[in-house]
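Okay, here's what each chain looks like letter by letter:
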Amino acid sequence: MGEWLKKIIQKIRSLNHSINNYQKDTVIQSLPSVAYVNRAKKLYEQGKYLEAKLILDEAMELPVKDARVLKYQGMIAEKLGKLEQAVEFLQDSADLDPDDKTIWQKLGFALININKFVEAEKSFENADKISHSNTDTYVGWGMALMKQQRYEEARVKFIEAAKINRYNFSAIFLAAVMDIRLNDLDKAETRLAFLANVSPSESNTYEYAHLKFIKKDYENALFYAKKSLEYNSSMLPAYILIANIYTLNWDVENTLKYFNTAEEKDLISAPLYLEWAIALFKFNRFEEAKTKLLKAQELKPEDKEIQSNLALNYFMTGNMEEAERLAAQYPDVFESKLTNALIAYHNNDIDKALPELRKLSEEKHDIALTDYFIAKCYEQKNNDAKVKDYYNSAIDKCPIFFDAYKEFAKYLFSKDDYADAGRKLRKALKLDENNVEILNLLFYSCYKLVKDNVCEYNVKEAVGFAEKAENLGHFEYPEEKSELTELLKNIQEK
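Cut-offs applied
- Residues numbered from 1 in each chain as written.
- Predicted model: local features only at pLDDT ≥ 70, side-chain atom pairs only at ≥ 80, totals over all residues.
- Heavy atoms only, no water.
- Core = buried A, V, L, I, M, F, W, Y, C linked by side-chain atoms within 4.5 Å.
- Buried < 20%, exposed > 50% of the residue type's maximum accessible area, 1.4 Å probe, protein only.
- Helix = DSSP H or I, 4+ residues; strand = E, 2+ residues; numbered from the N terminus.
- Contact = heavy atoms within 4.5 Å.
- Disulfide = S-S within 2.5 Å.
- Axes fitted to C-alpha atoms, helices over the stretch in contact; angles between N-to-C directions.
- Parallel < 35°, antiparallel > 145°, perpendicular 65-115°, else oblique.
- Left-handed = near helix turned anticlockwise from the far one by under 90°.
- Nonpolar A, V, L, I, M, F, W, Y, C, P; charged D, E, K, R; others polar.
- Expected span 1.5 Å × (residues − 1).
- Polar contact = N/O pair within 3.5 Å; in protein donor to acceptor, adjacent residues only side chain to side chain.
- Salt bridge = Lys/Arg side-chain N within 4 Å of Asp/Glu carboxyl O.
- pLDDT = per-residue confidence, 0-100.
- Phe/Tyr/Trp six-rings, centres within 6.5 Å; stacked < 30°, edge-to-face > 60°.
- Patch = residues over 30% accessible without salt bridge, like charges linked within 9 Å, V, L, I, M, F, W, Y side chains within 5 Å.
- Areas by Shrake-Rupley, 256 points an atom, 1.4 Å probe, with all protein chains shown as cover.
- Lys, Arg positive; Asp, Glu negative; His and termini not counted.
- Charge placed at Lys NZ, Arg CZ, Asp CG, Glu CD.

Participant: I keep staring at the nonpolar core and nothing clicks. Help me out?
Facilitator: Soluble globular proteins: nonpolar side chains tend toward being buried together. The biggest cluster of nonpolar side chains holds 105 residues, and the ones touching the most others in it are L357 and F443. The element contributing the most residues to this core is helix 26 (residues 436-452), with 10 residues. What F443 contacts, discounting residues up to four positions off in sequence, is A462, F465, A466, F475, Y477, E480, K481 and L484. Grouped together as the second largest cluster of nonpolar side chains are 42 residues, I103, A161, A162 and F173 included.

Structure below.
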């Protein structure tokens, strides 16, 4: 057989094969685009999005537009991260076939992805008109309302979705999230407890932990947050929540451990560094906190919370110019207000600083720094009772606020109240036995008390504090120690 004849036969066979495939893929032979869609659909379901797109691009060249071609183009564009293009394709598909519920659903979710929440809401409304009581439609509808902060309406949609399909755990979960937003915590707990048992996942378990945290049940919050990491070790919110719980317990080691682990897992984000900085600030580690805030600022330079915390941190680290500049940018944020009040204190404008600090202390009851500076203001006004009240309050709010212990002790020294100063300093020393500044002050308070009431045990104790401070490399009262050492020698000789 000649070569030319073999080629003709091969072409005929190839043509027959293409016809057979076309007939196999096409249900309605009069609509050639159906074959393209069916072939593209198979590839789409296999995750071969680019190959599917090439077939659909061919279908787009046909003279008659097919809504299904546009629908799958939109679905593929979404998978490829081309969100705006996905919306365009799906909107064109909906225009061609406005009676297809699925197109409206997919368009609604695509609109949510590009933050067009009002348009998404309308899209789900259209889907519901075509086919009422569809669980997916109600979930999407609820999400569109949730993004508009219409939480009560969103909750109604999520609850309806769960009624239609009681196994729609996403709907139950989102209803619980809305419960929390609406401060309906008991309902949220019922839903999340159910999900934690029947459909445990990182999201369900984390949200349950978050709810427990809100309800101040920190032990269970810690348990469920750690549980969520067992499902997904890259769950950044869980690391932050766990670290925040340890911060509340003044557990510096575990707090830093979980922040560091999140960073090591490359879960880098502005919220991570902001929360890390806030924790360090509470531990009075201001320079370290500034480093984290600067990292957060790089990732989210216009964030008002980051900028305001940075302003406060600049004040605490002595950069008044930057503190004032940043605080002026966001004057309504709490940290900026506090920074401005502290700048007034720094400028010795006590009459301006004090009322603002008191107002801020009432606004946020757990901020030790505010009460500390109120005490400093009352020192200027010679109001002894208020000084003591606010130093005590600062220490109660932050048991490891060593600057508050030190300044309070110095104030008590100025009032010759060495006994009370000693009690405060002993409390501080239990929290950090190697704090050399506390040891120095405690030695001095003991020295003054021993002078009035000589006792071998007390003298030995005072000298012990001095020796420990010396071993740590910084002791401020060598003459007083020599005096007590001589006194101890005389006591023992007698």
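After presenting the structure, the write-up continues.
Participant: Explanation requested: the state of the cysteines in the structure shown.
Facilitator: What is meant by a disulfide is a covalent connection between two cysteines, made through their sulfur atoms. Evaluated as defined, the whole model comprises zero disulfides. No disulfide involves C455; its nearest neighbouring cysteine sulfur is the one of C446, lying 11 Å away.

Participant: Teacher, can you tell me more about the packing of helix 6 (residues 101-113) against helix 7 (residues 117-130) here?
Facilitator: Working note: a packed helix pair is described by the angle between its axes plus the distance between those axes. In contact at an axis separation of 8 Å, helix 6 and helix 7 are set at 165° when each is read in the N-to-C sense. Considering their axes alone, helix 6 and helix 7 lie roughly antiparallel with respect to each other. Pair helix 6 / helix 7 crosses with left-handed handedness. Counting all contacts with helix 6, which are made through K101, W104, Q105, L107, G108, F109, L111 and I112, the residues of helix 7 involved are F117, E119, A120, S123, F124, N126, A127 and I130. Here the contact of helix 6 with helix 7 is composed, by residue class, of 10 nonpolar, four polar and two charged.

Participant: Got a minute to help me understand helix 8 (residues 135-147) in this structure?
Facilitator: Since the α-helix advances by 3.6 residues per turn, residues separated by three or four positions end up pointing in the same direction. With 13 residues, helix 8 should cover 18 Å at 1.5 Å per step; its first-to-last C-alpha distance of 19 Å lies within 8% of that length. Burial within helix 8 is extensive, with 10 of its 13 residues counted as buried. Among all positions in helix 8, only T135, T137, Y138, V139, G140, W141, G142, A144, L145 and M146 are buried. Buried residues belonging to helix 8 abut helix 6, helix 7, helix 9 (151-164) and helix 10 (169-181). The opening residue of helix 8, the one whose side-chain oxygen lies 3.0 Å from the backbone nitrogen of D136, is N134. Taken from the residues just after helix 8, Q149 is the one with a positive phi, measuring 65°.

Participant: Help me understand the environment of K300, please; the structure alone is not making it clear to me.
Facilitator: With respect to the helices, strands and loops of the structure, K300 is situated in the loop between helix 17 (286-299) and helix 18 (304-316). When the C-alpha positions of K300 and D432 are compared, they lie 36 Å apart, and in sequence the two are 132 residues distant. Setting aside anything within four residues of it in sequence, one finds K300 in contact with A270 and I306.

Participant: I would appreciate a short explanation of the side chain of N134 in the present structure.
Facilitator: As for its position among the elements, N134 is in the loop between helix 7 and helix 8. A residue is classified by how much of its surface remains accessible, and N134, at 17% relative accessible area, is buried. Discounting residues that sit within four places of it in the chain, N134 has contacts with K101, Q105 and I164.

Participant: I would appreciate a short explanation of the pattern of salt bridges in the present structure.
Facilitator: Opposite charge on two side chains lets them pair, provided their charged atoms get close. Following the criterion strictly, the structure yields 33 salt bridges and no others. The partner of D403 in a salt bridge is K406, with the nearest N and O atoms 3.1 Å apart. Note that D403 and K406 are positioned in helix 24 (residues 402-414) at a spacing of three residues, about one turn of the helix. The partner of E407 in a salt bridge is K410, and the shortest N-O contact between them spans 3.7 Å. Here the residue E407 and the residue K410 both occupy positions in helix 24, the gap between them amounting to three residues, near one helical turn. The class for K410 is partly exposed, based on a relative accessible area of 44%. The network of salt bridges with common partners includes E152, R155, D179, D184, K187 and R191.

Participant: When you look at the confidence of the model for the chain in this model, what are you seeing that I'm missing?
Facilitator: Predicted coordinates in regions of low pLDDT should not be interpreted in detail. Overall, the prediction assigns the chain a mean pLDDT of 91, with 93% of residues at 70 or greater. In this model, residues 4-9 is a region of pLDDT below 50 whose contacts with residues beyond four sequence positions or in other chains number two contacts. Across residues 11-31 the pLDDT falls below 50, and counting only partners more than four positions away or on other chains, this stretch makes 15 contacts in the model.

Participant: Which parts of the structure should I look at to understand the side chain of R155?
Facilitator: Secondary-structure assignment places R155 in helix 9. Within the local environment of R155, its side chain forms a polar contact with the side chain of E152, the two groups lying 2.9 Å apart. Setting aside its immediate chain neighbours within four residues, R155 contacts A175, M178, D179, L182, D184, K187 and R191.

Participant: Can you walk me through the packing of aromatic side chains in this structure?
Facilitator: One pair of aromatic rings is described through two measures. These are the centre distance and the angle between the planes. Under the counting rule described, the total for this entry stands at 31 aromatic pairs. Ring geometry for F443 against Y447: centres 6.3 Å apart, planes inclined by 25°, an arrangement best described as stacked. Of the two residues, F443 and Y447 are both situated in helix 26; the distance of four residues between them amounts to about one turn of the helix. When sorted by exposure, F443 lands in the same class as Y447, which is buried. Note on F443 and F475: the rings are 5.2 Å apart at their centroids and 75° apart in plane angle, and the pair reads as edge-to-face. With F443 in helix 26 and F475 in the loop between helix 27 (456-471) and helix 28 (478-493), this residue pair connects regions lying 32 residues apart in the sequence. Per residue, the accessibility class of F443 equals that of F475, and both read buried.

Participant: How should a negative patch on the surface be read in this particular structure?
Facilitator: Where like charges cluster on the molecular surface, the negative patch consists of E84, E88, D92 and D95. Inspection of the secondary structure puts D92 in helix 5 (residues 83-96).

Participant: Sorry if this is basic, but what is going on with helix 10 here?
Facilitator: Between its first and last C-alpha atoms helix 10 spans 19 Å; for 13 residues at 1.5 Å apiece the expected length is 18 Å, and the two agree. Across the 13 residues of helix 10, 10 count as buried, placing the element largely inside the fold. Turning to helix 10, its buried residues are A171, I172, F173, L174, A175, A176, V177, M178, D179 and I180. Looking at the packing, one finds that the buried side of helix 10 touches helix 8, helix 9, helix 11 (185-198) and helix 12 (202-214). Looking one or two residues beyond helix 10, the residue adopting positive phi is N183, at roughly 60°.

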